[in-house]
Structure formats: C-alpha cells, structure tokens
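# Structural overview
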Amino acid sequence: MRGIPVKSFKHHYSHAAAGYYTSGMTDALIVVLDAIGEFDTGSVWVGEGEQIKLVEKMKYPFSFGLFYSAFTDLLGLKANEEEYIMMGMAAYGDSKRYWKKVNSYFPWVGKQKYNFHQGITDWDEPIDEQAKFDIAAAVQAVYEQRLWDIMCSYKVETGKENLVFMGGCALNSKANTMLWKIFKNVWIMPNPGDAGSALGAAAALYGKHLDWQGPYLGHDLGGEYPVDKIVNALIVDKIAPVASGRAEYGPRALGNRSILADPRDPDIKDKVNLIKKRELFRPFAPVVMEEHASEWFDMSYASPYMQYTPRCLKPELIPSVVHADGTSRVQTVNAKQHPGLYEVLSRWYTLTGVPVLLNTSLNIKGQPILNDELDVEAWRQHYKREIIK
Ligand SMILES: [Fe+2]
C-alpha cells in the first residue's frame, strides 16, 4: 500500500525471531530446521539479551525437512502436508528393516548430497503395506539420530543450556521429546512452521521480547468457558465437542476448539474416529492437569502446547490416548494457562480419579480447525451434532 513503509526479513531469521522473542529466554541456542526457505534449509543462532546472532546456516540440498518430506511422498502421502501421518505410522513399523538403506540417503550432517526435491526416485524394492510402516519407522529413527547429533554438537559449540527450536521440523513431537534429555529448558513456539513466520517477521522488526501470554489469539466466539455443560456431556455421552472463546494460534486444538472425551473407554477412539473419519492408526492426545502429569506420563516438564510424546505410565487406565509405542502427545494444563479447561479436568478428576481427558481438534476432516460462528454452524450441519458453547 502506498505510503506505508515495508520491511522484509529472511525466511530463517523470521523463524528464529518468532521463537526467541516469544520464549522468555534471554540466553539460548536457537535452531531452525525446515524443508527450505530461500536456499536455507537450517540455521543456528544464539540469543543473548535482545540480540539474535547467526552461528551457521545449512544450505540446499542438505535438508532435514526435505529428507522427511521425500519419504512422505514415497509412501503415497502428500509431501509438505502429511508428514504427521508418517510420524504416526512409525510406531507400527520395525525401524531396523530399512534403517541402513534409509540412512544412506541422510548419512551425516554435511554429507548428504541427495536432492530430495524430486522425491525418492531410485527406491528399488516393492513397497507393500507393512513396508510402508517399516520405512516410516526407519525414516523417523534416522531423523531422530541426526537431530540428536546436531543438537548435542551445537550445545557444545555454543555452551547454551536453553534451546529455542523452530521451523516445520519442530512439529515432529516424537523427535522433540529427546530435547529434554539434552537441554535444561526447551521452547518451541506453538506455531513453529511457516504459518508462524508472520509473527516472526513482526517480532524481528520489533527486535525485542514480546509479552507472550499464550496461544489463545484467534477469533473470539465470546462467552464463559462452559464448564458445567462439558462435564455433563462427558458423564452422559463421554464426548464433548467444545467451541468457546478465542481460537488457538497454531495447529493444535488446546481446549477452545476441541473434542474432549473420556480416555478410560477403549472404544471411545472408534467413536471419535467415526465423527472425525480419520485413519484408524492415528493416536489421540491426552490433556492432563499439570501437577499430575509426571504421575501419568514419563515427563518432568510442562507441555502446554502438545509438543512432546513421553511414555504413558498408566496405559491400562487411559487406553484411548496411548499410541502403539506406549507414548502420548501430552498437553499439560494449569489454572493460569486455561482456568476453564483446568476446572473441567479438576471436576473430572474428583468424579473419576483420572486427571486426564482425550483432546482432539474440532474440525471437518481435511479442513482447518473451526474458527468462527460460520465454521461452527458448518460443523453442526455436517455431523448433525451439537457443539457446546
Ligand atoms: Fe520455513
């Protein structure tokens, strides 16, 4: 627009700024890994005070993201969109069967020369159904090994104990879990991919830390969080679709555009899947009261944005939110973060002795999470089900 000054920032710097300036940290290693942005595929920075300084860039064709996306394509899934499905498939496969072969495509940081942009064009074995799961498992294992390698090496190089991790690769919640074994503190902004880079560019221009209050930044449907109605629906129906207050910023539904359900019922997964019509192997996530998280999951950190998958410690009690490999993509909640959702969980805990609910996004299959009143009405018409408001 005429008269309005325009300033632009590099793709990876926008990722780094989105992460660091929302982190609350004033001394951190910042690692950005994605498929590609301009010709950068990864970048490493240090944040000190309000300054972000570049340490190193990784250049195309070397790319963590393109490696993962090329194999997503090989399995017949949509690259740059359905990587999360391959991540879910990995739990059903034997990573050893194809490890050597997959590892040869991505042998070591800096040594990878394969150009993944064309996909995997030289795979020379038939891929039956089980092979798909085994390849997914091998890709995930190789990705995790390389991620472990670079995170450890940059920690040593920079001497930083705190990590800010950004870029589309930071959506790999299974791999993210290991970061807590390397660093004292980890921050992944809840919208770490390119969708969060508008915030990053604004933060880069501002050049200072933002007052990050949480992810409920979207369209406001208004109203008080309907605690009584949700608890009643959970008791009567075991399932409570909720749309209330501000929509979540980022790809996860964290209580305001969610389907909440009873995680103790082993059949609830099928019932929710009937509503959502998704692949049956895909796991559902739990939301847990923060102070009980370490009793139910192998974790000693908070996970307010569903970014990590610790092992479930009581899978027999909450079977519907445990994946095939015994892990769960946990959301922790405390009273400050979301008073209404915390109150729902408290009451559920009093009633059942279980401080956990299933939490999945409220969306029509293949479409984004519900945002405004029109979306809510479209969902209601589509599924012939009421939404609690
Ligand atoms: Fe990116």
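Residues numbered from 1 in each chain as written. Predicted model: local features only at pLDDT ≥ 70, side-chain atom pairs only at ≥ 80, totals over all residues. Heavy atoms only, no water.

Whether parallel or antiparallel, the strands of a sheet pair through hydrogen bonds between backbone atoms. What the five strands build is an open sheet, ordered 3-2-1-4-5; its pairing is mixed. Among the strands making up the open sheet, the edge pair consists of strand 3 (51–59) and strand 5 (185–187). Within the sheet, the average angular offset between the axes of one strand and its neighbour, ignoring direction, is 20°. Of the strand pairs in this sheet, strand 1 (residues 27–37) and strand 4 (residues 162–166) are connected by four bridges, and their pairing is parallel. (Pairing = 2+ DSSP bridges. Helix = DSSP H or I, 4+ residues; strand = E, 2+ residues; numbered from the N terminus. Axes fitted to C-alpha atoms, helices over the stretch in contact; angles between N-to-C directions.)

Below, the discussion takes up the packing of helix 2 (residues 64–74) against helix 5 (residues 129–158). With their axes 10 Å apart at the nearest point, helix 2 and helix 5 run at an angle of 175° to one another. On the basis of the axis angle, helix 2 is roughly antiparallel to helix 5. Contact with helix 2, carried on its side by Phe 64, Phe 67, Tyr 68 and Phe 71, involves Ile 135, Val 139, Gln 140, Val 142, Tyr 143, Arg 146, Leu 147 and Ile 150 of helix 5 and no other residues of that element. (Parallel < 35°, antiparallel > 145°, perpendicular 65-115°, else oblique. Contact = heavy atoms within 4.5 Å.)

Here the focus is a nonpolar patch on the surface. Taken together, the side chains of Ile 235, Val 236 and Leu 351 make up a nonpolar region of the molecular surface, amounting to roughly 330 Å² of accessible area. The residue Leu 351 is located in helix 12 (residues 339–352) in this model. (Patch = residues over 30% accessible without salt bridge, like charges linked within 9 Å, V, L, I, M, F, W, Y side chains within 5 Å. Areas by Shrake-Rupley, 256 points an atom, 1.4 Å probe, with all protein chains shown as cover. Salt bridge = Lys/Arg side-chain N within 4 Å of Asp/Glu carboxyl O.)

Under the defined criterion, the tally for this structure stands at 22 salt bridges. When the shortest N-O distance is used, the salt bridge between Lys 174 and Glu 144 registers 3.2 Å. Here the residue Lys 174 occupies a position in helix 6 (residues 173–176), and Glu 144 occupies one in helix 5, the gap between them amounting to 30 residues. Residue class for Glu 144 comes out buried when judged on its relative accessible area of 18%. Several salt bridges converge on common partners, so that one network encompasses Asp 27, Glu 48, Lys 53 and Lys 160. (Buried < 20%, exposed > 50% of the residue type's maximum accessible area, 1.4 Å probe, protein only.)

In this model, Tyr 60 is joined to Pro 61 through a cis peptide bond whose omega is 10°. As for its placement among the helices and strands, Pro 61 is situated in the loop between strand 3 and helix 2. One non-glycine residue, Lys 384, lies in positive phi territory at about 55°.

Three or more residues of helix 9 (residues 227–237) are buried, namely Val 227, Ile 230, Val 231, Ala 233 and Leu 234. Down the axis of helix 9, the buried side of the element spans an arc of 160°, and every buried residue falls inside it. Exposed side of helix 9, more than 90 degrees from the buried face: Lys 229 and Val 236 are the residues found there. On its buried face, helix 9 sits against strand 7 (239–243), strand 9 (257–261), helix 12 and strand 12 (356–361). Looking one or two residues past helix 9, Lys 238 carries a phi angle of roughly 70°, positive in sign. (Arc of directions from axis to C-beta.)

Take the nonpolar core next. Counting residues in each nonpolar core, the largest one holds 81 residues, and the members touching the most others are Phe 71 and Phe 165. Of the residues forming this core, the biggest block, 12 residues, is contributed by helix 5. Sequence-distant contacts of Phe 165, that is, excluding residues within four places in its chain, are made with Val 31, Leu 33, Tyr 143, Leu 147, Met 151, Ala 170, Asn 176, Leu 179, Trp 187, Ile 188 and Met 189. Among the nonpolar cores identified, the runner-up in size contains 26 residues, and Tyr 20, Met 25, Ile 52 and Ala 285 belong to it. (Core = buried A, V, L, I, M, F, W, Y, C linked by side-chain atoms within 4.5 Å.)

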